[in-house]
Number of protein chains: 2
Amino acid sequence: MAGEETRKRILIAAEQLFAERGISSTSMRALTNAAGVNLAAAHYHFGSKEALLDAVIEFRATPMNLARIAALDAHVAERGDEPLQVDCIFRAFLMPAIRSVIESPEGAAHLPRLFARLEAQPPEILEAIYRRHIGDVTRRFIEALQEALPDLPKELIAERFRLAMGSIFTLFSGNSELDFIPGHSPHVVSIEEKLESVIAFVSGGISAPASARRAPGQRVEENSP
Amino acid sequence: MAGEETRKRILIAAEQLFAERGISSTSMRALTNAAGVNLAAAHYHFGSKEALLDAVIEFRATPMNLARIAALDAHVAERGDEPLQVDCIFRAFLMPAIRSVIESPEGAAHLPRLFARLEAQPPEILEAIYRRHIGDVTRRFIEALQEALPDLPKELIAERFRLAMGSIFTLFSGNSELDFIPGHSPHVVSIEEKLESVIAFVSGGISAPASARRAPGQRVEENSP
DNA sequence: GTCTATAAAAGGATAGAC
DNA sequence: GTCTATCCTTTTATAGAC
């Protein structure tokens, strides 16, 4: 019965270290030391490092998925017969992730960065985790975006949603403030400002005309339907 | 003198394996075996795995940088006094990378994916590589985008360029065709179509209004649970 | 410059006592 | 359920013969 406590401490330490230092460069030893538990206990509870990763994702993704769907439902209900709004859909998708950082209940602060780290995993592992833990929610959000942007091909929306995830992951990868461009030291902003910044970007991107090629003379300005 | 040949074979094998399987999960052994050279030779020529990575980037980035600047200069010259066009700036940035895939001179086909893999490196290494090999070129492209979008704050353009890089990396990470969303099997498209698709997305994103929050009247509720 | 051989360390995983 | 001790594999890196 004390095993439940051990299990949870392993999950939380794993989440933090996977997020901060990357998954493959975090050893089971480092992780169990940080958790203050024995190395063998981790294998007893989870079986393998890969299974532990999956358990960490499940541990956090389940409540986040519920919050995301609730936020999307709230927007749908609020709009009634009016068309859905792209930026609100993205906000519904991102706020639950951000809120975990802001409120940080028992250390969920590393969740967005953990998802960013997942992208570096081998495709089989990445696909399995996505399919198990975020596939259904992602599909619902893509459908909402397709409804909000009826003039664009549905397939295009789905593709662009993946590109939007790329921007979002970059923002939370911990590398987005890198100071490598001569003359452009990045200014640090709050997480809420980051959120609105990336929402503006991905909303503009997903709403863009179907091709970037434009007739000569046309301005590169408007992009909302 | 034969050392030069060995050196080059190591560079090319490293580029391919780093790109395909990731950097930290590619061992020096796997890499030297693929190159058909001795493990010790790699350490003789490069000193360490980290230094080898830097050499691989330099090997490819140098000609790509020249091509990128040339393409940007060509667009600037072509426009004369007319304002620069966002999509053309991104095309100048991306075409040289894509062309390496299409033409594949001596196996440069893995370059875009290699850059995507770099994102998973620890921040210090990533920052050092970016600063050394792509900082100056990136700065020039950001300045061109700032010129093309005079109504947006310069700082915002620089931030959004980083988000655009996130989308681009995702497209080339090898994970962008993952089939994890129920009912949305991604259709495979040519590299040129991918290019135009991502150009449309990032052009729309970087040109978006400064905030996603809309003017009063189109009021937007925050989704509190 | 290139090889063999090996050091030295770190990794995931397990057996078996308690 | 938890611990110690250990196995086995893989890793980066180097010493030294050729």
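Anyway, here's the lowdown on the structure attached to this text. Only a predicted model underlies this, so the values are computations on that prediction, with no experimental measurement involved. (Residues numbered from 1 in each chain as written. Chains lettered and ligands numbered in written order. Predicted model: local features only at pLDDT ≥ 70, side-chain atom pairs only at ≥ 80, totals over all residues. Heavy atoms only, no water.)

A separate point is the packing of helix α4 (residues 49-79) of chain A against helix α7 (residues 123-133) of chain A. All names here are of chain A. Contact pair α4 / α7: the axes reach a minimum separation of 10 Å and the direction vectors enclose 30°. As the angle between them shows, α4 and α7 are arranged roughly parallel. For α4 against α7, the interelement crossing comes out right-handed. Two secondary-structure elements touch here, α4 through Glu50, Leu53, Asp54, Ile57, Glu58, Ala61 and Asn65 and α7 through Ile125, Ile129, Arg132 and His133. Along the lines of polarity and charge, the residues of the contact of α4 with α7 split into five nonpolar, two polar and four charged. (Axes fitted to C-alpha atoms, helices over the stretch in contact; angles between N-to-C directions. Helix = DSSP H or I, 4+ residues; strand = E, 2+ residues; numbered from the N terminus. Parallel < 35°, antiparallel > 145°, perpendicular 65-115°, else oblique. Left-handed = near helix turned anticlockwise from the far one by under 90°. Contact = heavy atoms within 4.5 Å. Nonpolar A, V, L, I, M, F, W, Y, C, P; charged D, E, K, R; others polar.)

Bringing the side chain of B:Arg162 into the picture now. Topologically, B:Arg162 is positioned in helix α9 (residues 154-172). Look past the residues within four positions of B:Arg162 in its chain and what remains in contact with it is A:Thr170, A:Asn175, A:Ser176, A:Phe180, B:Glu119, B:Leu126, B:Tyr130 and B:Phe169.

Attention shifts here to the environment of A:Leu118. Residues and elements named next belong to chain A. When you line up the elements, Leu118 lands in helix α6 (residues 111-118). On the accessibility criterion, Leu118 (0% relative accessible area) is buried. Leave out the neighbours within four places in its chain, and Leu118 touches Ile23, Leu53, Ile57, Leu126, Ile129 and Tyr130. (Buried < 20%, exposed > 50% of the residue type's maximum accessible area, 1.4 Å probe, protein only.)

Below, the discussion takes up the protein's contact with DNA strand D. Taken together, 17 residues surround DNA strand D, and among them A:Thr6, A:Asn38, A:His45, B:Met28 and B:Arg29 come closest. Considering the 4 Å shell around the protein, atoms of DNA strand D inside it are sugar or phosphate in 50% of instances. A:His45 is positioned with one of its side-chain polar atoms (N or O) 2.8 Å from a phosphate oxygen of DNA strand D. At 3.2 Å, a side-chain N or O of B:Arg29 approaches a base oxygen of DNA strand D. Listed by contribution, the elements that provide at least two residues to the surface near DNA strand D are α1 (3-21) and α3 (39-46) of chain A together with α2 (28-35) and α3 (39-46) of chain B. Tallied by class, residues from the surface near DNA strand D come to six nonpolar, eight polar and three charged. (Near = heavy atom within 4 Å. Polar contact = N/O pair within 3.5 Å; in protein donor to acceptor, adjacent residues only side chain to side chain.)

With that settled, consider α2(B). Residue and element names in this part refer to chain B. Buried within α2 we find Met28, Leu31, Thr32 and Ala35. Along the long axis of α2, the arc covered by the buried residues comes to 90°, so they all point the same way. In α2, those exposed residues whose orientation departs by more than 90 degrees from the buried face are Arg29, Asn33 and Ala34. Against α1 (2-21), α3 and α4 (49-79) lie the buried residues of α2. Residue Gly36 follows α2 closely and has a positive phi angle near 70°. (Arc of directions from axis to C-beta.)

This part is about the pattern of salt bridges. Taken as a whole and judged by the stated rule, the model has 20 salt bridges over all chains. The closest approach of N and O atoms between B:Glu15 and B:Arg60, which form a salt bridge, is 3.0 Å. Separated by 45 residues along the polypeptide, B:Glu15 in helix α1 and B:Arg60 in helix α4 bring together distant segments of the chain. On the accessibility criterion, B:Glu15 (1% relative accessible area) is buried. Here B:Lys194 ties to B:Glu177 by a salt bridge, and the two come within 3.1 Å at their closest N and O atoms. Here the residue B:Lys194 occupies a position in helix α10 (residues 191-206), and B:Glu177 occupies one in the loop between α9 and α10, the gap between them amounting to 17 residues. Exposure remark for B:Lys194: the relative accessible area of 16% places this residue in the buried category. Its relative accessible area of 31% is what places B:Glu177 among the partly exposed residues. A single network of salt bridges, built from pairs that share partners, joins A:Asp87, A:Arg91 and A:Glu196. (Salt bridge = Lys/Arg side-chain N within 4 Å of Asp/Glu carboxyl O.)

Here we take up the protein's contact with DNA strand C. Taken together, the neighbourhood of DNA strand C is formed by 17 residues, with A:Met28, A:Arg29, B:Thr6, B:Asn38 and B:His45 sitting nearest. A:Met28 is positioned such that a nitrogen or oxygen atom in its backbone is 2.7 Å from a phosphate oxygen of DNA strand C. Within the contact set of DNA strand C, a phosphate oxygen lies 3.3 Å away from a side-chain nitrogen or oxygen of B:Asn38. Put simply, the parts of the chain that give the surface near DNA strand C at least two residues each are α2 (28-35) and α3 of chain A together with α1 and α3 of chain B.

It is worth spelling out the packing of aromatic side chains at this point. Residues and elements named next belong to chain A. This structure, assessed with the given rule, holds nine aromatic pairs over all chains. Ring geometry for Phe93 versus Phe141: centroids 5.0 Å apart, planes at 70°, classification edge-to-face. Taken together, the residues Phe93 in helix α5 (residues 86-103) and Phe141 in helix α8 (residues 135-148) connect sequence positions 48 residues apart. In this pair, the class of Phe93 matches that of Phe141, namely buried. Within the aromatic cluster, the residues linked to one another by ring pairs are Phe90, Phe93, Phe141 and Phe161. The ring of Phe93 is capped by Arg68, whose NZ or CZ atom sits 3.7 Å from the centre of that ring. (Phe/Tyr/Trp six-rings, centres within 6.5 Å; stacked < 30°, edge-to-face > 60°. Lys NZ or Arg CZ within 6 Å of the ring centre and 35° of its normal.)

Purely geometric numbers; function is a separate question.
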